[in-house]
Amino acid sequence: MAVPKRRQSKQRQRKRRTHVKAAMPAFNACPQCGDPHLPHRVCANCGYYRKEQRVEVSEF
């Protein structure tokens, strides 16, 4: 089995991991109210999904 002969430096390790990071979530505008929401989920502001009322939203 292959085993490294020398230890990789911290700098080399960090250079390799520069591309490993969390991606920003994509937001879509709600066609009903225009607020941003995550795709394929009910809008938290108006309760609509695919032009149908799916959830009753209470106003505080």
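Residues numbered from 1 in each chain as written. Predicted model: local features only at pLDDT ≥ 70, side-chain atom pairs only at ≥ 80, totals over all residues. Heavy atoms only, no water.

**Q** It is not clear to me how a positive patch on the surface should be interpreted in this structure. Could you clarify?
**A** Together, Arg12, Lys15, Arg16 and Arg17 make up a positively charged patch on the protein surface. Within the secondary structure, Arg12 sits in helix α1 (residues 10-16). Residue class for Arg12 comes out exposed when judged on its relative accessible area of 54%. (Patch = residues over 30% accessible without salt bridge, like charges linked within 9 Å, V, L, I, M, F, W, Y side chains within 5 Å. Areas by Shrake-Rupley, 256 points an atom, 1.4 Å probe, with all protein chains shown as cover. Salt bridge = Lys/Arg side-chain N within 4 Å of Asp/Glu carboxyl O. Lys, Arg positive; Asp, Glu negative; His and termini not counted. Charge placed at Lys NZ, Arg CZ, Asp CG, Glu CD. Helix = DSSP H or I, 4+ residues; strand = E, 2+ residues; numbered from the N terminus. Buried < 20%, exposed > 50% of the residue type's maximum accessible area, 1.4 Å probe, protein only.)

**Q** What is the right way to look at the pattern of salt bridges in this model?
**A** Enumeration over the complete set of coordinates arrives at one salt bridge. Between Glu52 and Arg54 there is a salt bridge, and its shortest N-O distance comes to 3.7 Å. For Glu52, a relative accessible area of 45% gives the class partly exposed. Note on Arg54: relative accessible area 45%, which makes it partly exposed.

**Q** Is there a simple way to explain unusual backbone geometry in this structure?
**A** Only a minority of non-glycine residues have a phi that is not negative, and only a minority of peptide bonds are not trans. You will see that His40, though not glycine, has its phi angle at about 65 degrees, which is positive. Take His40: it is sitting in the loop between β2 (36-37) and β3 (48-49). With a phi angle near 60 degrees, Lys51 is a residue other than glycine that sits in the positive phi range. Its place among the elements puts Lys51 in the loop between β3 and β4 (52-53). For Lys51, a relative accessible area of 71% corresponds to the exposed category.

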